[in-house]
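These are the residues of each chain, in order.
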Amino acid sequence: MSDGNKIGFWTCTALVVGNVIGMGIFLLPASLAPFGFNALIGWVIVLAGCLVLARVFSHLAHALPNADGPYGYIRSTLGELPAYMALWAYWVSLWLTNAALATGVVGYITVVFPMLGTIQPALFALLLLWSMVIVNLFGVRTGGRVQIVTTALKLLPMLAIALLGGWVLLTSPASYVAHPPTTPVTLGAVMAASTIALFAMLGIESASVPAARVDNPGRTIPRATMTGTVLTAIIYIIVSTVPLLLIRQQELADASAPFALLMERFGAVGSGRWLALFVVISGLGALNGWTLLVGELTRTMASNGVLPAVFARNNRHGAPMVALLVTGALASAMIWMSYSKSLVSAFTFLTRVVTAANLPLYFCCALALAVLWRRGTANCTARKVLLVAIAGTLFVVFAFIGIGREPFLYALGLGAAGLPLYVFMRLRRKPAPPAKAIAE
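Just so you know, these numbers come straight off a predicted model, no measurement behind them. (Residues numbered from 1 in each chain as written. Predicted model: local features only at pLDDT ≥ 70, side-chain atom pairs only at ≥ 80, totals over all residues. Heavy atoms only, no water.)

*Asks:* Even after reading the chapter, I still don't get the overall build of the chain, so can you show me in this structure?
*Replies:* The helix and strand inventory of the chain stands at 17 helices and zero strands. Taken against the 2.2 N^0.38 rule, which gives 22 Å for 440 residues, the C-alpha radius of gyration of the chain at 21 Å falls within 12% of a compact globule. Overall, the chain is about 65 × 55 × 40 Å in size when its C-alpha atoms are taken along their principal axes. With 440 residues in all, the chain has 56% of them scored as buried. Long-range contacts, defined as pairs at least 24 residues apart, comprise 83% of the intrachain contacts of the chain with a sequence gap of at least 6. For the chain, the accessible area works out to roughly 17,700 Å², and carbon and sulfur atoms hold 70% of it. For the chain, the distance from the average site of its 27 positive side-chain charges to the average site of its 11 negative ones is 7 Å. (Helix = DSSP H or I, 4+ residues; strand = E, 2+ residues; numbered from the N terminus. Rg over C-alpha atoms; globule rule 2.2 N^0.38 Å. Buried < 20%, exposed > 50% of the residue type's maximum accessible area, 1.4 Å probe, protein only. Contact = heavy atoms within 4.5 Å. Areas by Shrake-Rupley, 256 points an atom, 1.4 Å probe, with all protein chains shown as cover. Lys, Arg positive; Asp, Glu negative; His and termini not counted. Charge placed at Lys NZ, Arg CZ, Asp CG, Glu CD.)

*Asks:* Honestly, the packing of helix α1 (residues 9-20) against helix α9 (residues 217-246) in this entry has me stumped. Any pointers?
*Replies:* The relative placement of two packed helices is expressed as an angle between their axes plus a distance between the axes. Interaxial distance between α1 and α9 falls to 8 Å at its minimum, and their mutual angle equals 35 degrees. Crossing of α1 over α9 shows right-handed handedness. Taken together, the residues of α9 that come into contact with α1 (itself represented by Phe9, Cys12, Thr13, Val16, Val17 and Val20) are Thr220, Arg223, Ala224, Thr225, Thr227, Gly228, Thr229, Leu231, Thr232 and Tyr236. (Axes fitted to C-alpha atoms, helices over the stretch in contact; angles between N-to-C directions. Left-handed = near helix turned anticlockwise from the far one by under 90°.)

*Asks:* Help me understand the packing of helix α8 (residues 187-201) against helix α15 (residues 383-403), please; the structure alone is not making it clear to me.
*Replies:* Where α8 meets α15, the axes come as close as 9 Å, and the angle between the chain directions of the two elements is 105 degrees. Overall, the two elements α8 and α15 adopt an arrangement that is roughly perpendicular. Residues Met191, Ser194, Thr195 and Leu198 of α8 lie in contact with α15, whose contacting residues are Phe395, Phe398, Ala399, Ile401, Gly402 and Ile403. (Parallel < 35°, antiparallel > 145°, perpendicular 65-115°, else oblique.)

*Asks:* Before we go on, may I ask you to explain the environment of Cys380 in this structure?
*Replies:* Here Cys380 is to be found in the loop between α14 (344-375) and α15. Put simply, Cys380 and Leu64 are 316 residues apart on the chain and 10 Å apart in space, counted from C-alpha to C-alpha. With sequence-adjacent residues up to four places away left out, Cys380 is seen in contact with His59, Ala63, Leu369, Leu372, Trp373 and Val385.

*Asks:* When you look at the nonpolar core in this model, what are you seeing that I'm missing?
*Replies:* Where a protein is soluble and globular, its nonpolar side chains tend to be buried together. The biggest cluster of nonpolar side chains holds 132 residues, and the ones touching the most others in it are Ile25, Trp43, Leu87, Tyr90, Met201, Tyr236 and Tyr362. No other element matches the 20 residues that helix α5 (residues 80-112) contributes to this core. Leave out the neighbours within four places in its chain, and Ile25 touches Met158, Tyr236, Val239, Ser240 and Phe259. (Core = buried A, V, L, I, M, F, W, Y, C linked by side-chain atoms within 4.5 Å.)

*Asks:* In this structure, what is going on with α15? I would like to understand it.
*Replies:* Helical geometry: 3.6 residues make up each α-helical turn, so side chains three or four residues apart lie on a common side. Taking 1.5 Å per residue as the helical rise, α15 with its 21 residues ought to reach 30 Å, and the 30 Å between its terminal C-alpha atoms agrees with that figure. Among the residues making up α15, those that are buried are Val385, Val388, Ala389, Gly392, Thr393, Phe395, Val396, Ala399, Phe400 and Ile403. Buried residues along α15 cover an arc of 160 degrees about the axis, so they all sit on one side. Residues Arg383, Lys384, Leu387, Leu394 and Ile401 are exposed on α15 and point more than 90 degrees away from its buried face. The positive-phi residue at the C-terminal boundary of α15 is Gly404, with phi of around 100 degrees. (Expected span 1.5 Å × (residues − 1). Arc of directions from axis to C-beta.)

*Asks:* Please explain the pattern of salt bridges as it appears in this structure.
*Replies:* Opposite charge on two side chains permits pairing when their charged atoms draw close. The full count for this structure, using the stated rule, is five salt bridges. In this structure, the salt-bridge partner of Glu251 is Arg265, at a minimum N-O distance of 2.3 Å. Placement of Glu251 in helix α10 (residues 249-254) and of Arg265 in helix α11 (residues 258-266) is noted, with a sequence separation of 14 residues between them. The partly exposed category is assigned to Glu251, whose relative accessible area is 32%. What emerges from the salt-bridge pattern is a single network uniting Asp68, Arg213, Glu296 and Arg299. (Salt bridge = Lys/Arg side-chain N within 4 Å of Asp/Glu carboxyl O.)

*Asks:* Whenever I open this one, unusual backbone geometry confuses me. Can you help?
*Replies:* Residues other than glycine predominantly adopt negative phi, and peptide bonds predominantly adopt the trans conformation. Non-glycine residue Asn216 carries a positive phi angle of around 50 degrees. Following the sequence through the fold, Asn216 ends up in the loop between α8 and α9.

*Asks:* Help me understand the side chain of Thr220, please; the structure alone is not making it clear to me.
*Replies:* Mapped onto the elements, Thr220 comes out in helix α9. When residues no more than four places from it in sequence are discounted, the contact partners of Thr220 are Gly8, Phe9, Cys12, Val214 and Asp215.

*Asks:* Any chance you could explain the packing of aromatic side chains here in plain terms?
*Replies:* For any pair of aromatic rings, the description consists of the separation of the ring centres together with the inter-plane angle of the planes. Tallying each qualifying case throughout the model produces seven aromatic pairs. An aromatic cluster of three or more residues is present, and its members are Tyr84, Trp88, Trp91, Trp95 and Tyr422. Arg223 extends its terminal NZ or CZ atom over the ring of Phe9, reaching a point 4.4 Å from the ring centre. (Phe/Tyr/Trp six-rings, centres within 6.5 Å; stacked < 30°, edge-to-face > 60°. Lys NZ or Arg CZ within 6 Å of the ring centre and 35° of its normal.)

*Asks:* It is not clear to me how the state of the cysteines should be interpreted in this structure. Could you clarify?
*Replies:* Cysteine pairs can be covalently joined through their sulfur atoms, and such a bond is termed a disulfide. Enumeration over the complete set of coordinates arrives at zero disulfides. Cys364 carries a free sulfur, and the closest cysteine sulfur to it, the one in Cys365, is 7.2 Å from it. Its sulfur unpaired, Cys380 is 12 Å from the next cysteine sulfur, which belongs to Cys365. Classification of Cys380 as buried rests on a relative accessible area of 0%. (Disulfide = S-S within 2.5 Å.)

*Asks:* It is not clear to me how α9 should be interpreted in this structure. Could you clarify?
*Replies:* Its 30 residues place the ends of α9 43 Å apart at the C-alpha level, agreeing with the 44 Å of an ideal helix rising 1.5 Å per residue. Of all 30 residues that make up α9, 21 are buried, and the element is covered over most of its length.

*Asks:* I would appreciate a short explanation of a nonpolar patch on the surface in the present structure.
*Replies:* Side chains of Val149, Leu153, Leu156, Leu159 and Leu163 sit close together on the surface and give an oily, nonpolar patch of about 440 Å² of accessible area. As for its position among the elements, Leu163 is in helix α7 (residues 140-171). (Patch = residues over 30% accessible without salt bridge, like charges linked within 9 Å, V, L, I, M, F, W, Y side chains within 5 Å.)

*Asks:* What should I look at first to understand the environment of Thr77 in this one?
*Replies:* Assignment of secondary structure puts Thr77 in the loop between α4 (70-75) and α5. Classification of Thr77 by relative accessible area gives buried; the value is 12%. The sequence separation of Thr77 and Thr183 amounts to 106 residues, and the corresponding C-alpha distance is 45 Å. In this structure, Thr77 is in contact with Ala368, Val371, Leu372 and Arg375, ignoring residues within four places of it in sequence.

Right under this line is the structure:
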């Protein structure tokens, strides 16, 4: 593949930041408000765990620069079946996420532009979804440029919240202690808050998924993964703490737009509508980023013989055309479900399963790093590498416990649903050779 079809450090970093910071962060302060200070403790645990997982992906990318992303990392260490099951569940979660993002953007965009409310919501969501598919059909670099622009724009409201919090601290510090949250700190509440916060951090692996399209992946992916995760962690801590301390706990919990409430209360009147515009930009940026990733992941799985070979076909722009069209169609079906009154509850529950569907990928990658350490693979011989692998594994186990029994079982069912296709493809094609670690 020519360098013209490769993406670099800034695009990979934008993928991490842009995919992690989607639309959830704009509602997260309200979701976490009932937990009070348990939410801040949960944030510390989740952010620390995600930094460890980011380190896991960084080590794997450095040790296996020729692997085709997470699928290659797991297949080269744990085998083809664990790789397939982890990536199948993750693959399904991606196009489910795209359906949820497109649906969510519609709700906000009609606030900014009321005249668009005359368009049938389901058709509007489909229009947004397929607009991002079309963007990515022009190649990974085109999708990457859109990601950089939308990521830069979505950081502006985060900066506004941080500056507002700093201004209030300087001019009226008593506001931060006027009405602290009253919910007692308990282990159960911390774990519940951590699960909600973890959903908002999904996407730290984004730089590693399109590994075959990354320029110098052994160096670019680790740097972009750590940079994007650290930046996101700092942003999340600030924008979650400021509204929790400045707005009464119950009022914040009842807020449908907590950041807009904060801006209206302590900033300029009328700023809430402008904030809604940035929510739309953030949602579209995340939709673009996840569309890029699901296309690349589908191509990777097809190239490795576990999905039909037609999904690996590229168009003249180097984009996985069939993969993008098929996953776009699957997401479209979920959008129609989300607007069906009889299936709304089912669709809402599926979005909860997305977190559980991501955890097998994180778990297997942490185990893959431990295997590389045991093998004495280059760049994985230090004891700190083993500690990172153990810490990452323990964090995922903690997340599995916190997420609850029902979503966990549904995630297992989701993985099992892909087994018939795996058996069929295994009978048709021989597995691809495992990725080789870099030489000593």
